[in-house]
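Take a look at the letters that make up each chain.
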Amino acid sequence: EKVPGVVSHVTSNLVLVDVGVEKEGVLPNSKMAPGSSSAEVAIGEEVEVWVSQVKNEENLRRSQVLLSSDSEKVFSPSEPDALQELQQLDAETWLRGFVVAQRPF
């Protein structure tokens, strides 16, 4: 889901965006739309972003909201090979593990 925000801080590698929650969201250059970078935004500028990930939700002080300005980079897996391995598993195969996050579809 796309959310509106206001740029609150800019560095050469990332942009901090106030999206109306307790913490500012972090928008790294790697999650920006193709051809975009932090050099192209200014403090106070209104932007539209996607929430890509929330780290440490249970601890507000240590939590981090990772944003993306490109919808294609919202749920991009960090290890595509691991995803392919999972997709090739037989439907009857049982896996053991832990649920670490839930995302609506």
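Trainee: Explain the overall build of the protein to me, using residue names and the numbers behind them.
Mentor: Counting its secondary structure elements, the protein contains 1 helix and 5 strands. In the protein, the succession of helices and strands from N to C terminus is β-β-β-β-β-α. Burial statistics for the protein: of 105 residues in total, 24% are counted as buried. Restricting to contacts in the protein with at least 6 residues of sequence separation, those with at least 24 account for 50%. With the model as given, the accessible surface of the protein reaches about 8,300 Å², and the carbon-plus-sulfur share is 50%.

Trainee: Give me the sheet that holds strand β1 (residues 2-10): which residues, what numbers.
Mentor: Read once around its circumference, the closed barrel built from 5 strands follows the order β1-β2-β3-β5-β4, with strand pairing classed as mixed. Here the strands of the sheet are splayed against their neighbours by 55 degrees on average, with no regard to which way each runs. Bridge count for β1 against strand β4 (residues 46-55) is 5 bridges, and the pairing is antiparallel. Bridged to G5 within β4 is V47.

Trainee: Break down the pattern of salt bridges for me, citing the residues and quoting the values.
Mentor: Here the structure, examined in full by the defined rule, presents 1 salt bridge. In this structure, E48 and K2 form a salt bridge, with 3.4 Å as the shortest nitrogen-oxygen distance. Here K2 lies in strand β1 and E48 lies in strand β4, a separation of 46 residues in the sequence.

Trainee: Provide a residue-level description of the environment of W50, including the pertinent values.
Mentor: Checked against the element boundaries, W50 lands in strand β4. Taking the C-alpha atoms as reference points, W50 and L66, separated by 16 residues in sequence, lie 8.7 Å from one another.

Cut-off values and rules
- Residues numbered from 1 in each chain as written.
- Predicted model: local features only at pLDDT ≥ 70, side-chain atom pairs only at ≥ 80, totals over all residues.
- Heavy atoms only, no water.
- Helix = DSSP H or I, 4+ residues; strand = E, 2+ residues; numbered from the N terminus.
- Buried < 20%, exposed > 50% of the residue type's maximum accessible area, 1.4 Å probe, protein only.
- Contact = heavy atoms within 4.5 Å.
- Areas by Shrake-Rupley, 256 points an atom, 1.4 Å probe, with all protein chains shown as cover.
- Pairing = 2+ DSSP bridges.
- Axes fitted to C-alpha atoms, helices over the stretch in contact; angles between N-to-C directions.
- Salt bridge = Lys/Arg side-chain N within 4 Å of Asp/Glu carboxyl O.

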